[in-house]
Amino acid sequence: MAKDKKAKTAEKKARVAAKQNKKAAQKDKKSKAKGTDDSDAEDVDLESVLADYAKKQEQFLKVTESSCEPPSPRSSATFIGSPSNTRELFLFGGEYYNGALATFYNDLFIYNTDREDWRKVTSPNSPLPRSGHAWCRGGNAGGIYLFGGEFSSPKQGTFYHYNDFWRLQPSTREWTRIEVKGKSPPARSGHRLVYYKNYIILFGGFQDTSSQTKYLQDLWIYDCQNFLWHNPVLPPAKQKPDPRSSFSFLPHESGAVLYGGYSRVKANAAAGKQTKGGSQTSKSVMKPTIHQDTWFLRITQPSAEMPSATAPSVRWERRKKPANAPNPPRAGVTQAYHKGRGISFGGVHDVEESEQGIESEFFDQLFAFNLERNRFFPLTLRRPRIAPKKQIDDRMTRRDRAKADEAELLRNLSALETKGSIAEHQGENPDPMMEDEEKPVKPVKPILERMPHPRFNAQLAVQGDVLYIFGGTYEHGDREYTFDEMYEIDLGKLNGVREIFRRELDDWVEEEAEDESESDEEYSEDDDMDDGVGLPAATAQATPADCSMSTEEQNDVLEDEQAEAAVVDERPHPRPFESLRDFFSRTSTAWQEFLLEKADSSSSASNQTGKEIRKTAFEFAETKWWDCREEIIAEEERQEEAGIGEVVSLAERGTETGTVERRR
């Protein structure tokens, strides 16, 4: 049996090799007949192409906004919640590759979460088409800041990297190119931006010259008040993150937190040849690396005595490896910031590299990365809850019934006075204000009880407490699928995935399809699964926390858990099945007392009014509620499995009658 298996494997490899050789011969023959090169590196002048784009854009006389269909499929775009309101999302740029040609965009789309509609913005002054760019909120400065990105020829033979810097005003939809004096960051893509107070922080990325890819590790800080770029130079002895791209860069009250990323590093690999002495030669190759380290960028603003243009002082601090990190490590993971957490989705892990290519595993898992605790928490969708039967107070029931009878009696008297029909008046709305508030019924969107199909490089944005997932990429064989869909997930409830829109995938364009159709038939049994645009079913994913951690990593996790347990947090703690509103209603007094004690202990008298103290107390309570959200959800699930649907305090129930009754 073993010999038969080896023979079949060898036969299959021979067929694949013969197929590849035949395709290559036909390709060479066709290119010679045309007298052209398959690459467009020498045929396309990217600067002239971009100049034509700029001329076409100047034809727009003003900023216009019009209703439109959802954006066409695209990858490497940017997606963000509006900083000026809580009902809009902005999507800009991106690219689409159909297997033959790459198309780049500079469209600005706006999605209104209340009306559930899309609008497209055209402007005489907006960034040119690009992908791989980065943007972020402006922090204290307001607005949205964008830097860099890339553009390529249709067949991706040549690349162009941008180093322009832009600001978008969300309310007016106007773009402004920021011209600064002095030095500024070099051109790049795959970098990240994050805000801190009145600064915009830029780190990493890469530059692709077609022949090689250079990954970057430089740090730049833009001062929004003085319109200057600062490039802090750290001493050689100081540690800092390795060069990388596609990492997570999240805001923090004292700076920023960096996690993960991707790069290719030089490594020695066996060349397969032996020297006369019998030793094997080696060659230098670029090995893909998925980074799993975490860094904290501590930023200290200059003192008031210093000149206004003084650069802030910075220091990189390496953290321990995050506890419960996604395993196996994965690239193409996108994170969106939400109240002290980074919400991540998807990713890809290369599990095997062979002569036939790289075998990849894709994921559809959702995680919350708690920045303060340096710990990942898996977020799983919850089964729909069955509303528990509430105990109704007899007195309240009689009172409500009496009010309803009284209202009905008044309507009947009004009908008799106007000599109208009682039945007609019963159908009218007694509240005239309700007529103005009536809105057209929104179409019912599908609610999925499972996560969307596995993917990487999905565009994520958070607005309010809702996560929005746009697009993403999936690979199967030699084909690359760009998803044409959008979903939303309520991060507080996790009660399903709501489909905003979803369209069928476009066909993948195969080069030499007509000439090779006959030659492929004899090998069709190996390629049947690649036909059509239907995606394969999602496979079972790896567990969030694999037990294959090293002893050192397990010790680090244990130390962190013991350290957390040793710290006694006397602040109010949320209860299972308790909403944020109920939590603050129950603990408002305790939080206000906590703030007053904190002000007394620091010997700084608080000048806040009662309303300001209550507002600050709510901010503290909201932070605490979200910080404990993952543990509370886990406790709720355990109680639901035990048949407990709601936890009610006996003391609170007893306040209605004035005494706490014993349970019988």
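See above for the structure.
All figures in this text were calculated on a predicted structure; none of them were measured in a lab. (Residues numbered from 1 in each chain as written. Predicted model: local features only at pLDDT ≥ 70, side-chain atom pairs only at ≥ 80, totals over all residues. Heavy atoms only, no water.)

Each helix and strand in the chain was counted, giving twelve helices and 36 strands. Within the span of the chain, comprising 664 residues, buried residues form 39% of the whole. Long-range pairs, those at least 24 residues apart, make up 63% of the contacts in the chain between residues at least 6 apart in sequence. For the chain, the accessible surface area stands at approximately 38800 Å², while carbon and sulfur atoms represent 49% of it. (Helix = DSSP H or I, 4+ residues; strand = E, 2+ residues; numbered from the N terminus. Buried < 20%, exposed > 50% of the residue type's maximum accessible area, 1.4 Å probe, protein only. Contact = heavy atoms within 4.5 Å. Areas by Shrake-Rupley, 256 points an atom, 1.4 Å probe, with all protein chains shown as cover.)

Another point: the packing of aromatic side chains. All told, the structure shown has 31 aromatic pairs when counted by the stated rule. Aromatic pair Tyr160 and Tyr162: ring centres 5.3 Å apart, planes at 80°, arrangement edge-to-face. Overall, Tyr162 belongs to the buried group, its relative accessible area being 4%. Centre to centre, the rings of Phe367 and Phe376 are 6.2 Å apart; their planes meet at 85°, and the pair counts as edge-to-face. Here the two residues Phe367 and Phe376 agree in accessibility, since each one is buried. Feature note: the residues Phe79, Phe109, Tyr111, Trp118, Tyr468, Phe470 and Phe501 constitute an aromatic cluster, connected by ring pairs. Residue placement shows Arg330 over the ring face of Phe363; its charged tip is 3.7 Å from the ring centre. The residue whose ring lies beneath Arg455 is Phe483, and the NZ or CZ to ring-centre distance is 3.9 Å. (Phe/Tyr/Trp six-rings, centres within 6.5 Å; stacked < 30°, edge-to-face > 60°. Lys NZ or Arg CZ within 6 Å of the ring centre and 35° of its normal.)

Among the five residues that make up strand E25 (residues 341-345), five are buried, leaving the element largely enclosed by the rest of the structure. Residues Arg341, Ile343 and Phe345 of E25 are buried on one face, and the alternating residues Gly342 and Ser344, pointing to the opposite face, are buried as well. Two strands pair when backbone bridges link them, and E25 and strand E28 (residues 366-370) are joined in this way by five bridges, in the antiparallel orientation. What sits directly across from Ile343, in E28, is Ala368. (Pairing = 2+ DSSP bridges.)

Right, let's talk about the state of the cysteines for a bit. Enumeration over the complete set of coordinates arrives at zero disulfides. For the unlinked cysteine Cys136, the closest cysteine sulfur is that of Cys224, found at 8.3 Å. The exposure class assigned to Cys136 is buried, which follows from its relative accessible area of 5%. (Disulfide = S-S within 2.5 Å.)

A few words on the sheet that holds strand E7 (residues 117-122). Spatially, five strands are ordered E1-E7-E6-E3-E2 in an open sheet, and the strand pairing comes out antiparallel. Because the sheet does not close on itself, it has two edges, and the strands there are strand E1 (64-68) and strand E2 (78-81). Averaged over all adjacent pairs, the angle separating strand axes in this sheet is 25°, with direction ignored. Note that E1 and E7 share five bridges and pair antiparallel. Counterpart to Ser67 in the pairing with E7 is Arg119. (Axes fitted to C-alpha atoms, helices over the stretch in contact; angles between N-to-C directions.)

Here the focus is the nonpolar core. The biggest cluster of nonpolar side chains holds 29 residues, and the ones touching the most others in it are Ile343, Phe345, Leu366, Leu460, Leu467, Ile469 and Ile489. Elements with a minimum of two residues in this core: E25, E28, strand E31 (459-463), strand E32 (466-470), strand E35 (485-490), helix H9 (580-601) and helix H10 (610-627). The contacts of Leu366, once residues within four sequence positions are left out, are Ile343, Ser344, Phe345, Phe377, Pro378, Leu379, Met451, Leu467 and Ile489. Formed by 16 residues, the second largest nonpolar core is a distinct cluster that contains Tyr196, Leu297, Ile299 and Trp316. (Core = buried A, V, L, I, M, F, W, Y, C linked by side-chain atoms within 4.5 Å.)

This brings us to the environment of Tyr481. As for its placement among the helices and strands, Tyr481 is situated in strand E34 (residues 479-482). By relative accessible area, Tyr481 is classed as buried at 4%. As a C-alpha pair, Tyr481 and Trp508 span 27 residues in sequence and 7.9 Å in three-dimensional space.

Right, let's talk about the pattern of salt bridges for a bit. Following the criterion strictly, the structure yields 22 salt bridges and no others. Asp218 is paired through a salt bridge with Arg188; the nearest N and O atoms lie 2.6 Å apart. Of the two residues, Asp218 sits in the loop between strand E17 (213-215) and strand E18 (219-223) while Arg188 sits in the loop between strand E13 (174-177) and strand E14 (192-196), which places them 30 residues apart along the sequence. By relative accessible area, which is 0% here, Arg188 ends up buried. Glu504 is the partner of Arg502 in a salt bridge, and the nearest nitrogen-oxygen pair spans 3.9 Å. A relative accessible area of 48% places Arg502 in the partly exposed class. What emerges from the salt-bridge pattern is a single network uniting Glu65, Glu88, Arg119 and Arg173. (Salt bridge = Lys/Arg side-chain N within 4 Å of Asp/Glu carboxyl O.)

In this section: the pairing of strand E12 (residues 165-169). Relative to E12, strand E9 (residues 144-147) runs antiparallel, the two sharing four bridges. Of the residues in E12, the one forming a bridge with Leu146 is Trp166. In the sheet, E12 pairs with E13 via four bridges, with the strands oriented antiparallel. Within E13, the position partnered with Arg167 by the bridge is Thr176. Two successive antiparallel strands, E12 and E13, enclose a turn made up of four residues, where Arg173 displays a positive phi of approximately 65°.

So, on to the side chain of Asn198. Position of Asn198 relative to the elements: it lies in the loop between E14 and strand E15 (199-203). A polar side-chain atom of Asn198 sits 3.4 Å from a polar atom in the side chain of Asp223. Among the polar contacts listed, one links the side chain of Asn198 to the side chain of Gln301, at a separation of 3.2 Å. Discounting residues that sit within four places of it in the chain, Asn198 has contacts with Asn140, Tyr222, Asp223, Cys224, Gln225 and Gln301. (Polar contact = N/O pair within 3.5 Å; in protein donor to acceptor, adjacent residues only side chain to side chain.)

This part is about helix H11 (residues 629-641). In this model H11 runs 18 Å from its N-terminal to its C-terminal C-alpha over 13 residues, within 8% of the 18 Å that 1.5 Å per residue would give. Restricting attention to buried positions, one finds in H11 the residues Arg629, Glu630, Ile632, Ile633, Glu636 and Gln639. Buried residues along H11 sit in contact with E25, E28, strand E29 (375-379) and H10. (Expected span 1.5 Å × (residues − 1).)

Once that is clear, we can look at the side chain of Gln335. Relative to the helices and strands, Gln335 is located in strand E24 (residues 334-338). Among all residues touching Gln335, those that are not within four sequence positions of it are Ser248, Leu250, Tyr259, Gly342, Ile343, Ser344, Phe369, Phe376 and Leu460.

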